[in-house]
Amino acid sequence: MTTAHRDHPLFRRYPLDGEVQLSTGPAPTPYHVYAGYGAFIGGHADAAGVADVLRPESIRPLLDTQGRALMGVWALDFTEASLGPHQEVQVSFFVTRGHAQPVRAGRMAATEAFFKIPNARLFCHGLWNSTTRVVAYNREHLGLNARLAEHAVSRANGRLRVEVPAGADTPGVRGDLLVGRASLRASFEFANRLGFGEAQRLAARPWVEMKVVNPIGLRPHNDAALTGTHNAVNVLRGFDPRRESLTLSGPGYAGLDFRPTYVQQMEGFLFVYLDPAEDP
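Presented here is an overview of the structure given in this document. (Residues numbered from 1 in each chain as written. Predicted model: local features only at pLDDT ≥ 70, side-chain atom pairs only at ≥ 80, totals over all residues. Heavy atoms only, no water.)

## Observations concerning empty space enclosed by the protein
Applying the stated criterion across every chain yields a total of 1 cavity of 30 Å³ or more. Here the largest cavity is characterised by a volume of approximately 80 Å³. In this structure, the largest cavity is lined by Tyr37, Gly38, Ala39, Arg155, Leu160, Leu177, Leu178, Val179, Val263, Gln265, Met266 and Glu267. Of all the elements in the fold, those that place two or more residues in the lining of the largest cavity are strand S3 (31-46), strand S11 (172-178) and strand S15 (259-273). Sorting elements by how many residues they give to the lining of the largest cavity places S15 first, with 4 residues. Looking at side-chain class alone, the lining of the largest cavity contains 8 nonpolar, 2 polar and 2 charged residues. (1 Å grid on protein atoms, 1.4 Å probe; cavity = no way out; pocket = protein on both sides within 12 Å on 5 of 7 lines; lining within 4 Å. Points joined across faces, edges and corners; volume = space filled by probe spheres on them. Helix = DSSP H or I, 4+ residues; strand = E, 2+ residues; numbered from the N terminus. Nonpolar A, V, L, I, M, F, W, Y, C, P; charged D, E, K, R; others polar.)

## Details of the packing of helix H6 (residues 184-194) against helix H7 (residues 196-204)
Put simply, H6 and H7 touch, their axes get as near as 6 Å, and they point 105° apart. Judged on the interaxial angle alone, H7 and H6 are roughly perpendicular. Each of Phe188, Phe190, Ala191, Asn192 and Leu194 in H6 lies in contact with H7, whose residues at this interface are Phe196, Glu198, Ala199 and Leu202. Here the contact of H6 with H7 is composed, by residue class, of 7 nonpolar, 1 polar and 1 charged. (Axes fitted to C-alpha atoms, helices over the stretch in contact; angles between N-to-C directions. Parallel < 35°, antiparallel > 145°, perpendicular 65-115°, else oblique. Contact = heavy atoms within 4.5 Å.)

Rendered as structure tokens:
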């Protein structure tokens, strides 16, 4: 880890200060990522389909004003991390524990869920990592339903590709995305949705926080873990269905009717994932 990474305020606020014993051996806590790149592809899905996926949980989907459930997919390559270099693909749903007003519909609706809805959470449903150590950490310590998927994320020739094949009992994710330039239209829509003053204040923060909820199963409750993220570069643009694709398939996902609407490309990815705790 470089000195610049070590000195970032995010890691000074949440340093490595513990150790857990996993089936793969000891691992430091909390979870740190010091360098990486990737994308978040935000959009919306059929509300009934998402509610069915969330039926075993004590949370409910966050909807937009057209009755669609907000969600997204992460495709990330971490080149330096406390658990060693690894990749991650994640399918996330925006959720709340109680009633929440619908978010104004639009292609940037999920950004409002990130930054303007105080009780919004990200529910980590599908999760794939490229090393057994990270899979063990996510399952045994964080209570996330991680599976092994080697070489799931690749970047070459101006494209970012995701390849997690579906199995007989497991869902899958496939994507072929542009590595493009920021869109002035998308940036304006984002600032207009948050308010231009709030968008400027957000850009000045040293990191952005979000709570991530685990599924019931490996942990007995839908607990929440605080996360902190800082990106050296953010590229925000619309999803182009003529030149890009992202599909979910297999059990639980085939009927979601997921429709990607925007892409946030990230470079210089810094990240902390704290231990989960009760989330009243």
